[in-house]
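The chain contents come next:
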Amino acid sequence: MSDKPASMRDVAQHAGVSLSTVSRVLRGAPGVAPQVRQRVQDSADALSYVVSRNASGLVTGRTGRVAVVAPTLRPWFFGGVLAGLGDALGAADLDMLVYQVGEVRSRRGWTRAVPLRRNADAVVTVSMDLSEEECRRLDDVGVPVVLTGQSVPGRAGVFIDDRAGAAAATRHLLNLGHSRIAYIGSRTPEWFRGSARDRLAGHRAAMAEAGLEPWSLVRSPDQEGGELAMGELLSAAEPPTAVLAEFDGIAMGAHRTLRRSGVPVPGAISLMGFDNHDAASVLDLTTVDQSPYDTGLTAGRLAVDILAGTARPDTHIEMPTQIILRHSTAAPRGARGLSS
């Protein structure tokens, strides 16, 4: 027996039908008698025939693939988004092609370098914070584009309201009775710059509503940055009674400094993050929850719906955020020493 994979012509000969009939059955096209359709499917199964994406694309004009473009695949957030995208696209029998294009400095011209044209039916970007020029170049690809983590008027997008989330987190600390609240931000990579800007703006707006001056520091976007920032805050003449971090990774670093310094959380300082990282529950960290998986799942379904013509190509979907209350925040406990 030949090891050569079965072809569509082999299926046609085995079923005793024309090549065009096999094509219609395998594409799910109407106009084929049920008994003939079943005979073709039985023959395909008997011959272990696998439909080629490229061959079917010649007939349908579709590749059966969606390109997902991300600046990096390393932080946990991107893994969650990709998992949701994969599930949504897989349920629609679409393959996912993932391209990692790096930071802005090294991604100039990525819209030309990444083989998107005629290689995918749609493009989904993940936290790319695209410029107007990049958006225009994506338009030239000629397929639907869904922006994940970015809201641009007139373009399909799935995103959270970072400004509102940070404002709500700040109000949570204010409502507990804190007034000396410090915010630890980051020198954020290009792909998160919009989120970083909006979160800081939300914090400052909430502090202004309360008639308080904002107190913010900017450090590296990692746990080490959180450690160093927290050390600086502890050396202040009047340390804060609460700290809000731009994202959970920074909060984890701040928590490490507090633990090493013997400063009780939340006894002396309340600590709050943003994102609801998988490790946040381990540290019992109060945080603002955004579900990367749900965001990816929604973006994937939106891409599928746009391809099917059941959703507009400029659909905006704002994903919800919520405060996850844990034991790292509490009301301030007077002016007693940090070690008490």
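No experiment lies behind these values; they were computed from the predicted model shown.

With that out of the way, let us pick up the packing of helix H8 (residues 162–175) against helix H9 (residues 193–209). At a closest axis distance of 7 Å, the pairing of H8 and H9 adopts a crossing angle of 40°. Compared by their axis directions, H8 and H9 come out oblique. At the point where H8 passes H9, the crossing takes the right-handed sense. Contacts between H8 and H9 involve Asp162, Arg163, Ala166, Ala167, Thr170, Arg171 and Leu174 on the former and, on the latter, Ser195, Asp198, Arg199, Ala201, Gly202, His203, Ala205, Ala206, Met207 and Glu209.

Attention now moves to the packing of helix H5 (residues 76–91) against helix H12 (residues 292–308). Closest axis-to-axis distance for the H5/H12 pair is 6 Å, and the angle between their directions is 40°. Considering only the axes of H5 and H12, their crossing is right-handed. Touching Trp76, Phe77, Gly80, Val81, Ala83, Gly84, Leu85, Asp87, Ala88 and Leu89 of H5 are Pro292, Tyr293, Gly296, Leu297, Ala299, Gly300, Arg301 and Val304, all from H12. Of the residues assigned to the contact of H5 with H12, the class counts are 12 nonpolar, four polar and two charged.

In this model, the protein chain carries an average pLDDT of 88, and 89% of its residues clear a pLDDT of 70 or more. Note on residues 56–60: pLDDT under 50 across the span, and six contacts to partners over four residues away in sequence or across chains.

Right, let's get into unusual backbone geometry. Note that the residue after valine 265, namely proline 266, is joined by a cis bond; omega there is 5°. Position of proline 266 among the secondary structure elements: in the loop between helix H11 (248–260) and strand S9 (270–275). One non-glycine residue, serine 127, lies in positive phi territory at about 50°. Along the polypeptide, serine 127 turns up in the loop between strand S3 (122–126) and helix H7 (132–141). On the basis of relative accessible area, serine 127 is assigned to the buried category, the value being 5%. Here the phi dihedral of aspartate 129 falls at roughly 50°; this positive angle occurs in a residue that is not glycine.

About the criteria used
Residues numbered from 1 in each chain as written. Predicted model: local features only at pLDDT ≥ 70, side-chain atom pairs only at ≥ 80, totals over all residues. Heavy atoms only, no water. Axes fitted to C-alpha atoms, helices over the stretch in contact; angles between N-to-C directions. Helix = DSSP H or I, 4+ residues; strand = E, 2+ residues; numbered from the N terminus. Parallel < 35°, antiparallel > 145°, perpendicular 65-115°, else oblique. Left-handed = near helix turned anticlockwise from the far one by under 90°. Contact = heavy atoms within 4.5 Å. Nonpolar A, V, L, I, M, F, W, Y, C, P; charged D, E, K, R; others polar. pLDDT = per-residue confidence, 0-100. Buried < 20%, exposed > 50% of the residue type's maximum accessible area, 1.4 Å probe, protein only.

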